[in-house]
Structure formats: structure tokens, C-alpha cells
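Okay, here's what each chain looks like letter by letter:
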Amino acid sequence: MERVSFYKADITELEKNLVENVLESKILTAGPFIWRFQEEVRRYLNARYFLATSSGFSALHIAIRVLGWGTGDEVILSPLVHIGVPNTLYSEGIGIQPVDIEKDRLTLDPEKVREFIVKNYESKNGKLKNKLTGKVLRGIVLYHLYGIPCNLKEFLKLKEEFGLELLEVCWESFGSSYKFSDGGVFAGLVGDAGVFSFARYGAINVGEGGGVVFKNESQYEMGESLRYYGVPTEYVEYQAIISGYNYNLDEVSSAIGLGQMMRISEILNKRRRIYEFYRRELSRVEGIKIIEAPIDSEVSWYSVVVILPENVDRDGMIKLLMEAGIPTKVFYPLFTDLMLYCESCKVARPSELDTATSVVKRLLSLPFYGDLTESEVSYVVDSLREALIAR
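Residues numbered from 1 in each chain as written. Predicted model: local features only at pLDDT ≥ 70, side-chain atom pairs only at ≥ 80, totals over all residues. Heavy atoms only, no water.

Another point: the environment of I256. Its place among the elements puts I256 in helix α8 (residues 251-262). Placed 219 residues apart in sequence, I256 and F37 show a C-alpha to C-alpha distance of 8.8 Å. In this structure, I256 is in contact with I11, E15, V19, N205 and V206, ignoring residues within four places of it in sequence. (Helix = DSSP H or I, 4+ residues; strand = E, 2+ residues; numbered from the N terminus. Contact = heavy atoms within 4.5 Å.)

Pairing of side chains with opposite charge becomes possible as their charged atoms draw close. Applying the stated criterion across every chain yields a total of 26 salt bridges. Residue E154 is joined to K157 by a salt bridge in which the shortest nitrogen-to-oxygen separation is 3.2 Å. Placement of both E154 and K157 in helix α6 (residues 152-162) is noted, with a separation of three residues, approximately one turn of the helix. Note on K157: relative accessible area 45%, which makes it partly exposed. R385 is the salt-bridge partner of D382, the closest N and O atoms lying 2.9 Å from each other. Of this pair, D382 and R385 both sit in helix α13 (residues 374-390), three residues apart, which is roughly one turn of the helix. Overlapping salt bridges, with partners in common, bring together D10, E15, R263, E266, K270 and D371 in one network. (Salt bridge = Lys/Arg side-chain N within 4 Å of Asp/Glu carboxyl O. Buried < 20%, exposed > 50% of the residue type's maximum accessible area, 1.4 Å probe, protein only.)

This part takes up the side chain of E168. Its place among the elements puts E168 in strand β7 (residues 165-170). No salt bridge is formed by the buried E168; its nearest oppositely charged neighbour, K215, is found at 6.3 Å. Not counting chain neighbours up to four residues away, the residues in contact with E168 comprise L142, H144, L152, A187, G188, L189, V190, G191, A193, G194 and V195. (Lys, Arg positive; Asp, Glu negative; His and termini not counted.)

Moving on to the nonpolar core. If you look at the biggest cluster of nonpolar residues, it comprises 79 residues, and the most contacted ones within it are V85, L89 and Y278. Of all the elements, helix α3 (residues 56-67) adds the most residues to this core, at seven residues. Shared between two domains, this core takes at least three residues from each, and those domains are domain 1 (13-260) and domain 2 (264-390). Excluding residues within four positions of it along the chain, L89 makes contact with I64, W69, V75, L77, I94, I96 and V141. (Core = buried A, V, L, I, M, F, W, Y, C linked by side-chain atoms within 4.5 Å. Domains from an automatic or database assignment.)

Attention shifts here to the sheet that holds strand β8 (residues 177-180). The pairing of strands in a sheet comes from backbone hydrogen bonds and takes either a parallel or an antiparallel form. Across the sheet, three strands lie side by side as β9-β8-β13; this open sheet has antiparallel pairing. Edge positions in the sheet fall to β9 (183-186) and β13 (297-298), since each has one partner strand and no second. Two elements, β8 and β13, share two bridges in a ladder whose sense is antiparallel. Its bridge partner being in β13, S177 is matched across the sheet by E298. (Pairing = 2+ DSSP bridges.)

Moving on to the side chain of S176. Tracing the backbone shows S176 in the loop between β7 and β8. Looking at S176, its side chain comes within polar contact range of the main-chain oxygen of G147, at 2.6 Å. In terms of polar contacts, S176 uses its side chain to reach the backbone amide nitrogen of S300, at 2.8 Å. Filtering out sequence-adjacent residues up to four positions away, S176 remains in contact with G147, P149, V185, F186, A187, E298, V299 and S300. (Polar contact = N/O pair within 3.5 Å; in protein donor to acceptor, adjacent residues only side chain to side chain.)

That bond from F331 to Y332 is cis: its omega, 5°, falls within 30 degrees of zero. The topology assignment puts Y332 in the loop between α10 (314-323) and α11 (339-342). Positive phi is not limited to glycine here, since N125 has a value of about 55°. Mapped onto the fold, N125 is located in the loop between β4 (121-124) and β5 (127-130). The exposure class of N125 is exposed, given its relative accessible area of 81%.

Time to look at the domain arrangement of the chain. Splitting the chain by domain gives domain 1 (13-260) and domain 2 (264-390). Relative to domain 2, the C-alpha centre of domain 1 lies at a distance of 24 Å. Contact with domain 1, which involves 46 residues of that partner, is made by 40 residues of domain 2. Across the domain 1 to domain 2 interface the summed buried area is about 3600 Å²; carbon plus sulfur atoms make up 64%. Its largest share of buried area at the contact with domain 2, domain 1 owes to P79, Y146 and Y201, together 20% of the area lost on that side. The interface formed by domain 1 and domain 2 includes two salt bridges. For K119, the salt bridge is made with E352, and the minimal N-O distance between the two is 3.4 Å. (Buried area = accessible area lost by both parts, 1.4 Å probe.)

The subject of this paragraph is the sheet that holds strand β15 (residues 363-366). An order of β12-β14-β15 is seen for the three strands of this open sheet, with the pairing classed as antiparallel. For this open sheet the edge positions go to β12 (289-290) and β15, each flanked by a neighbour on one side alone. As paired elements, strand β14 (residues 304-307) and β15 share four bridges and run antiparallel to each other. Following the sheet pairing, V305 is matched in β15 by S365.

Here the structure, examined in full by the defined rule, presents 24 aromatic pairs. A cation sits over an aromatic face here: K329 above F6, 5.5 Å from the ring centre. (Phe/Tyr/Trp six-rings, centres within 6.5 Å; stacked < 30°, edge-to-face > 60°. Lys NZ or Arg CZ within 6 Å of the ring centre and 35° of its normal.)

Rendered as C-alpha cells:
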């Protein structure tokens, strides 16, 4: 029996009342709440255009289609990401080239990306072609892991140097920002598109939901058509102008999201407080290192993640903690180690993913949400210390 939950959504009377309004209206989809939710997110991010979708996967799928990536193209991606990212790329026939991560922030390493491009690509007719696969390098997918933005300053330099597109995957980083010399910018606004997830463990949790930030109106309109079967936004006669999907966000989820956006500062502050309490408590556990924010970022934490000591039996630790009523998770195995990608990613030899390979078996995610109590956090940390001694 769980003594501490791994996560809980931040739901108050406000969200309940808004959902009740939806149910009383009897309009469960394509109603007013999706537009209100979209506008709240857009205003908070100070984005030009924001499109709400049914999931993070659907948001990424739409963004890929709008950017025009497809068969014959490939992109660079960190191996330490949610499996939904390579799966989405794979579904569109896009080649994936994994490149190693930075040691401290655990996100894609811009220096290693540059080395990889110089080594493996040649310029032909204004395009970068992979010497081995023959595919064209279209962009870099930036996964902001645990809420920590990638080194956006350096990736903008690579974008300029090689003429590539940047796609930010902000499934874990809603509310995080990167500090440029002239001020902070929210994750998702720097690249050519930014995609979000509003599910389970994040600050905004509507059950299942997502969204895309676009730079211009034509991208937004294409995304909106793709969201609903390729039907144009404004039509008199029922028509389809592009092959699309059913990626609409329903009204109940939109109402929950709207309520949470109306309380976003409160929600983020609660999560920061719990993270800081974890950080203080964990500092007294020898051998455990908590993932911390780099100095160039303001992090909206998605998860509290620790790096275990070398040669510790992580599976044994997980079992001992579960026996104490504490569920934990692993975010994530390297996607390059998964059956679907083992063969297709052999271009990147294991020796070229040294940092990711060395750290991945030591990562452990602890229970985390804004309504955790300090006594619950202390219990988790004390139990972690005892499990570490036992192993």
C-alpha cells in the first residue's frame, strides 16, 4: 500500500466549478473553453500563436507536419527523452541521429552536436546530407528534460551556422525559462516551434492534453486544420484541404486547464517549495546527488530526480522503497537501447554516447507534486537513506 503518492493533480474548487459549467452546458467538445484555455496559455507565455491539442504526442505530430519534416529527412535528438518523441518522428519516416548529453544538465550537448554535424554531413545544393544515410539534416529536437531548458544560446548559434530548424519539446518544462543577456524567455518560444504536454506529472495536468506554439499565422492556421481532419478554420462548405487528424482537446480537459492557468503562479510556487525542501533534505544523504537548475535557467520542475552512487542496485532500491510505500520511477531509459531503435540508431556507436550511458542506470525519480507535505518528503528521504544503506 502506498504511503506517499508519486503524483497528484492540482485540483481545487475552481477547476471543479469550471467542469460543472461544462457539464451543465452539455457541450463537451468544440465549445468555448478550449478557446479560453488557449488564450490563457498564449498570454502567459507571451506567444504569438498557441494551439491546444489532445496530447503532447499530437502537439509534436502537428508541429512536425507544419515544419514539413518527413521521409528523406533526419534530425538530431538526445537519447535521454520520453519515448513519445522518437516514436512521433519514426511515425513520419524521419531519421533520428542520437547525440550525447551534457554532464550537468543532462540535455543535448551543443558542442557534441556541432562535432557530429561536421563529422557526418556534407553540404550539397545548400543542404546538409548525411554521408552514410543520404538523408537531409533538417533540424535539432531540443528536449527540455525534467524542466531544465537546453543550452538555447548555443543552439541558436548552431541554427545560424548550419541553417537548421529548432523544435523545442517542452513536455516537461511548462513555465521554465532560459536567461539570455537581455532577459529570460520561456521554453518553447526560442525555436521554430515549441510543443507542450499537459498530462500526469506536469504543473498543468488536465489528464491528457498538449499544445503548440507557432511563430506566424500561416503555421497556426495549418496546425488548426491538422488538428481537425484537415478542415479549414473558416469554411462554408464542408471541405478538407490537407490530410489531418482528430487532435481536439475536449471541453472538460480545457476547463481544468483554464482553472489551473488562472492559478499558475500558485501552482509553480508550491512545486518550487517542495523541490527546495527535497534539495535541503537530500543534501544530508551521503552519495546522493539531486539534479539542480543551471545558472542560466529558471526551472519549473517536472520531477525530482536523483543520481544514485555508482554500483548501487537501482532495481533493489526501487523494491525496498515500494515496500516502504514509496513509488518511484525511472525517467528514462535511453531510447537507443529499446528494441525498436537498436538497429536504426547504430550510426551512433555506444562510445559516442558516453555521458548518457554512464548516468542513465543511476537516475531515480522521487514522488513530486505541489501538495506533498514536508513530513512526506522527509519520510521519502529517510527511506531513501535506509534503502541506500541496505543496498
